[in-house]
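Observations on chain architecture
Here is what each chain is made of, one letter per residue.
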Amino acid sequence: MKNSTALITLLLILAAITLTFRLATPAYEPDADLEETVFSTDRALVHVKKIAEAPHAVGFPAHREVQQYVVRELEKMGLETQIQKGYTAGDWGNLSRAENILTRIKGTEPGKALLLLSHYDSNPHSALGASDAGSGVATLLEGVRAFLAGGIPPRNDIIIVISDAEELGLNGADLFANNHPWIKDIGLVLNFEARGSGGASYMLIETNRGNARLIEEFIKANPKYPVANSLAYSIYKMLPNDTDLTVFREDQDIEGFNFAFIDDHFDYHTVMDNYDRLDRESLAHQGNYLMPLLLHFSEADLGNLKSLDELNYFNVPYYGLVSYPFEWIWPMFLLALVAFLAIVFYGLRKKRLSGKQMAMGFLPMLLILLINGVAGYFSWSILQWIYPEYQDILHGFTYNGHAYIAAFVYFSLGVCFLVYHNFKEISVKNLLVAPAALWLLICALLAYYLPGASFFIVPVFGLLAGFFIVSQQKEPNAYLLAFLGLPALVMFTPFVKMFPVGLGLKMMVVAMVMVSLIFFLLLPLLGFYRIKRGLAALFLLLFIGFLFDAHLSKGFDADRPKPSSLLYVLDEDENTAQWATYEKVPSPWTTQYLGSDPAKPRKLGDKTLSSKYSTGFTFVANASLKPVSGPEIQVRLDTLMGNDRLIELIVQPQRTVNRLEVFTNDISLISAVVNDITLSEYYLEHRRRGKLINHYISDNDSTVLKLAFPKEEQLELTFYEASNDLLSHELFSVPPRPENLIPMPFVLNDAVLVTKTVFFD
Ligand SMILES: [Zn+2]
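Residues numbered from 1 in each chain as written. Predicted model: local features only at pLDDT ≥ 70, side-chain atom pairs only at ≥ 80, totals over all residues. Heavy atoms only, no water.

Re the sheet that holds strand β14 (residues 632–641)
A sheet is described by the order of its strands in space; here 5 strands give the open sequence β14-β15-β20-β17-β18, paired in antiparallel fashion. A strand with exactly one partner marks an edge of an open sheet, and here the two such strands are β14 and β18 (677–678). Pairing of strand β17 (residues 671–674) with strand β20 (residues 703–710), which is carried by 4 bridges, proceeds in the antiparallel orientation. Residue pairing in the sheet places valine 674 in a bridge with leucine 705 of β20. (Pairing = 2+ DSSP bridges. Helix = DSSP H or I, 4+ residues; strand = E, 2+ residues; numbered from the N terminus.)

Overview of the layout of surface pockets
In this structure, the second largest pocket encloses a volume near 840 Å³. For the second largest pocket, the lining is made up of 28 residues, of which Leu14, Ile17, Val409, Tyr410 and Leu413 are closest to its centre. If you list the elements that add at least two residues to the lining of the second largest pocket, you get α1 (3–22), α14 (401–422), α19 (486–503), α20 (508–521) and α22 (532–552). When residues of the lining of the second largest pocket are assigned to their parent elements, the largest contribution, 8 residues, is made by α14. (1 Å grid on protein atoms, 1.4 Å probe; cavity = no way out; pocket = protein on both sides within 12 Å on 5 of 7 lines; lining within 4 Å. Points joined across faces, edges and corners; volume = space filled by probe spheres on them.)

What about the pairing of strand β13 (residues 619–623)?
Of all 5 residues making up β13, 4 are buried, and the element is well covered by its neighbours. Relative to β13, strand β12 (residues 576–581) runs antiparallel, the two being bridged by 5 bridges. Bridge pairing in β13 links tryptophan 579 to alanine 621. (Buried < 20%, exposed > 50% of the residue type's maximum accessible area, 1.4 Å probe, protein only.)

Topic: the packing of aromatic side chains
Counted according to the given criterion, the structure contains 42 aromatic pairs. An angle of 10° between the planes, with centres 6.4 Å apart, marks the rings of phenylalanine 417 and tyrosine 529 as stacked. One end of the pair, phenylalanine 417, is in helix α14; the other, tyrosine 529, is in the loop between α21 (523–526) and α22, with 112 residues separating them in the sequence. In terms of burial, phenylalanine 417 and tyrosine 529 fall into one category: buried. Considering the side-chain rings of tyrosine 420 and phenylalanine 519, the 5.9 Å spacing of their centres and the 15° angle between planes classify their relative orientation as stacked. Residue tyrosine 420 is located in helix α14, and its partner phenylalanine 519 is located in helix α20; the two are separated by 99 residues in the primary sequence. We note that tyrosine 420, like phenylalanine 519, is buried. (Phe/Tyr/Trp six-rings, centres within 6.5 Å; stacked < 30°, edge-to-face > 60°.)

Observations regarding the state of the cysteines
Scanning all chains against the criterion turns up 0 disulfides. Looking at cysteine 416, it has no disulfide partner, and the nearest cysteine sulfur is the one in cysteine 443, 18 Å off. (Disulfide = S-S within 2.5 Å.)

A short note on the packing of α14 against α20
What describes two packed helices is the angle between their axes and the distance between those same axes. Contact pair α14 / α20: the axes reach a minimum separation of 9 Å and the direction vectors enclose 40°. With respect to each other, α14 and α20 are oriented oblique. With respect to the hand of their crossing, α14 and α20 are arranged in right-handed fashion. Packed against α14, whose contacting residues are Tyr404, Ile405, Phe408, Val409, Phe411, Ser412, Leu413, Cys416, Phe417 and Tyr420, the element α20 presents Met508, Met512, Val515, Ser516, Phe519 and Phe520 at the interface. Per-class residue counts for the contact of α14 with α20 are 14 nonpolar, 2 polar and no charged. (Axes fitted to C-alpha atoms, helices over the stretch in contact; angles between N-to-C directions. Parallel < 35°, antiparallel > 145°, perpendicular 65-115°, else oblique. Left-handed = near helix turned anticlockwise from the far one by under 90°. Contact = heavy atoms within 4.5 Å. Nonpolar A, V, L, I, M, F, W, Y, C, P; charged D, E, K, R; others polar.)

Structural notes on the coordination of the zinc ion
For the zinc ion, every protein donor is listed as His119 (NE2), Asp132 (OD), Glu193 (OE) and Glu193 (OE), and the spread of their distances is 1.9 to 2.5 Å. Seen from the zinc ion, its 4 donor atoms lie at angles of 53 to 144°, and the figure they make is irregular. Sequence spacing of the donors to the zinc ion: H-x12-D-x60-E. Here the residue histidine 119 occupies a position in strand β3 (residues 113–119), and glutamate 193 occupies one in strand β5 (residues 186–194), the gap between them amounting to 74 residues. An identical accessibility class is assigned to histidine 119 and glutamate 193; each is buried. (Donors = N, O, S within 2.8 Å, 3.2 Å for Na, K, Ca; no water. Tetrahedral: all angles 85-135°; square planar, octahedral: opposite > 155°, others 65-115°.)

A word on the confidence of the model for the protein chain
If pLDDT is low for a region, its predicted coordinates should not be looked at in detail. Within the protein chain, residue pLDDT values average 95, and 98% of them lie at 70 or more. Within the model, pLDDT remains below 50 along residues 610–614, and this stretch shows 14 contacts once partners closer than five positions in the same chain are excluded. (pLDDT = per-residue confidence, 0-100.)

Points about a nonpolar patch on the surface
Taken together, the side chains of Leu367, Leu370, Ile371, Val374, Tyr377, Phe378, Ile382, Trp385 and Ile386 make up a nonpolar region of the molecular surface, amounting to roughly 930 Å² of accessible area. Following the sequence through the fold, tyrosine 377 ends up in helix α13 (residues 362–386). (Patch = residues over 30% accessible without salt bridge, like charges linked within 9 Å, V, L, I, M, F, W, Y side chains within 5 Å. Areas by Shrake-Rupley, 256 points an atom, 1.4 Å probe, with all protein chains shown as cover. Salt bridge = Lys/Arg side-chain N within 4 Å of Asp/Glu carboxyl O.)

A look at the side chain of aspartate 392
Along the chain, aspartate 392 turns up in the loop between α13 and α14. At 2.9 Å, the side chain of aspartate 392 forms a polar contact with the side chain of lysine 562. When near neighbours in sequence (up to four residues on either side) are disregarded, aspartate 392 contacts Lys562, Pro563, Tyr582, Glu583, Lys584, Val585 and Met744. (Polar contact = N/O pair within 3.5 Å; in protein donor to acceptor, adjacent residues only side chain to side chain.)

A few points about the nonpolar core
Core analysis: the biggest nonpolar cluster contains 103 residues, and Trp439, Phe456 and Tyr529 have the highest contact counts within it. For this core, the leading source of residues is α14, giving 13 residues. In contact with phenylalanine 456, other than residues within four places in its own chain, are Leu231, Trp439, Cys443, Leu446, Phe492, Phe495 and Met514. Residues Ala52, Met203, Val227 and Tyr233 belong to the second largest nonpolar core, which totals 62 residues. (Core = buried A, V, L, I, M, F, W, Y, C linked by side-chain atoms within 4.5 Å.)

Some points on empty space enclosed by the protein
Evaluated as defined, the whole model comprises 4 cavities of 30 Å³ or more. Of the volumes computed, that of the largest cavity is approximately 50 Å³. As for the largest cavity, its lining consists of Tyr324, Ile329, Met332, Phe333, Cys443, Ala447, Ser454 and Ile457. Residue contributions to the lining of the largest cavity peak at 3 residues, all from helix α11 (residues 329–349). Class assignment of the residues belonging to the lining of the largest cavity gives a composition of 7 nonpolar, 1 polar and no charged.

Details of α14
In this model α14 runs 32 Å from its N-terminal to its C-terminal C-alpha over 22 residues, within 8% of the 32 Å that 1.5 Å per residue would give. Counted residue by residue, α14 has 18 buried out of 22 residues, so it is predominantly covered. (Expected span 1.5 Å × (residues − 1).)

A look at the pattern of salt bridges
Inspection of the entire model under this criterion finds 33 salt bridges. Linking glutamate 53 and lysine 50 is a salt bridge whose minimum nitrogen-to-oxygen distance equals 3.5 Å. Assessed through its relative accessible area of 38%, lysine 50 is described here as partly exposed. Aspartate 267 is paired through a salt bridge with arginine 277; the nearest N and O atoms lie 2.8 Å apart. Taken as a pair, aspartate 267 in the loop between β7 (256–263) and α10 (280–297) and arginine 277 in the loop between β7 and α10 lie far apart in primary sequence, 10 residues in all. For the pair formed by aspartate 267 and arginine 277, the shared burial category is buried. The network of salt bridges with common partners includes Arg64, Arg97, Glu99, Asp699 and Asp701.

Observations concerning the pairing of strand β21 (residues 715–723)
Side chains on a regular strand alternate between the two faces of the sheet. For β21, a buried count of 8 out of 9 residues is recorded, marking the element as mostly surrounded by other parts of the structure. Two strands pair when backbone bridges link them, and strand β16 (residues 659–664) and β21 are joined in this way by 6 bridges, in the antiparallel orientation. Looking at the pairing, valine 662 lines up with phenylalanine 719 of β21. Where β21 and strand β23 (residues 751–760) come together, 9 bridges link them in antiparallel fashion. Bridging from a neighbouring strand, serine 723 pairs with valine 752 of β23.

The following block contains the structure:
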């Protein structure tokens, strides 16, 4: 192949990849003057700005303001709103009083209603919630406004629930799904969410059965930029999920679609989840889903969306969603297998293929997988060893994470070209047998174990077609071979980025193996390049370049602040106090309290607070005692009934607090009722590390516990009462964080914590 042809096809590949990413989301242009009847991203942004002014988690002052704002905006549209209030404890003992905002648009016909869902509370305690889920609320407010401005009454009722306390334990969804009369009317849910502050919004189906009817109707609704595939659907179905929509599915067998963007994951649940950082294209993408789906599902029959059939589906940029039934999976596989065997046997018979060379072809392939797999597997550990401060980014996705993804993608490509350069004595047609066999093996395993990923076979047909051409012709047309590689580029390159972005840089190995596998699919073309060594050098240089770029941006500043944490912990039983942090590499702001040589925690370590990543305190230091009072605990009842001992106690805060966690010793609780909410037997049996309840407190509410346990056992209750006001507390004069620091997400932070134990023996 001429070097010029090689370079042109390489540029074509680059263009295809660029377009794949560009065409996944709508472009954002200022659109405040769009006519009233269409969705305007700018108009939605006005809502985001208002919602994200201050942290508005349950129990925080701005929570009420955001609630009132949303109510006002709905009422401006002529809708009648109601607030549904009540306690729930979710599935994992997270208790809070949710206040859902509800409204309903009457349809012209009887039948199932469409539910539009998002949540208005932000994550405690510092998140501003611009993306999570201010973007979702804003999408619904702007979308419903545009819909109503159209003036055509919908056939189905449209119910809008702006739920509360999603961040605490899906409490608002729980309250609505199990206590509101409207629930029985609902046929389908559209839920808008965010797990980062940018990137494409993924559609994820939530159903107890098959996806066929949902996908069919979704395709009919015809959103312009669908990003969805049945691999994500299959994985999502296997994992324990936690969106509001999960509650509707599990408790009421109502299905629906989630729409969530996940890029720039480092902003998730932090003060950086702010108005400026919300990617405008992500918000436009949410609007792009909502409008066609709202038009379609407000008219469609929502009573017949259940189905036992499953579809494979994937999105093709510009074209839309492609789907086919699970029944095609094995026939498609067999077709590919037969085609592969036919090409090989025919080639061998005609002496175009050589058995020895074919076998040799496995060497470079396995070598590439080995090098890229091992490098990928250790990359994150090595990076954390070189840059220990990365451990304080609990998301596992650093601010320079995209540079690392680029670096390791180039590394993988460099390895691919270098290895194949060293095996250039094997002819391309013989080289192709190994990758084709490997891909067929992968497809067989997927068809059996992860059928939702069976669409992976589609690009394999491109590879087989390339293999056939190459085995027949001495000088095949390079552009035709590039064209046959197109499905691989369009379908698989987004996964390379998706895994490390969504699940953290520890997933780099998946990205690197994926790059290698895509390379194999393009081998009918790339195998003919005579510039492999030059390209290997180029890509390895790019690898070093991006590593260097990442190194230059490893530091923290106002735009990329380091997560930091500080707590004051007072032990009322022992009358001692400590400073504590969750930081692995404490910032100077933290060490002013912890000292330059802080101790590892001893006693506090085993009384670890429940936190998303089960992270215990990393360092503690002695602190002076301050007159902070823990909760007042009153025993209202302590009696025997048969073989059970019943106790009832009320825990009353003596200061402004945000959260009360209660732990027990290892005891077999017969029943537990907290603020009139009965904890499920399943939860009582499976609760971890003695956690009984985590009460996110609003309006300084008290906590009333009614417990029953065998009379011969002894009960020990430990209370952790926290307020998030360390930085504004009058007894402390903690200086504000410098601008290169933010409160660490996922852990209790900026807190004044009082611990206390009560025994019943
Ligand atoms: Zn959320």
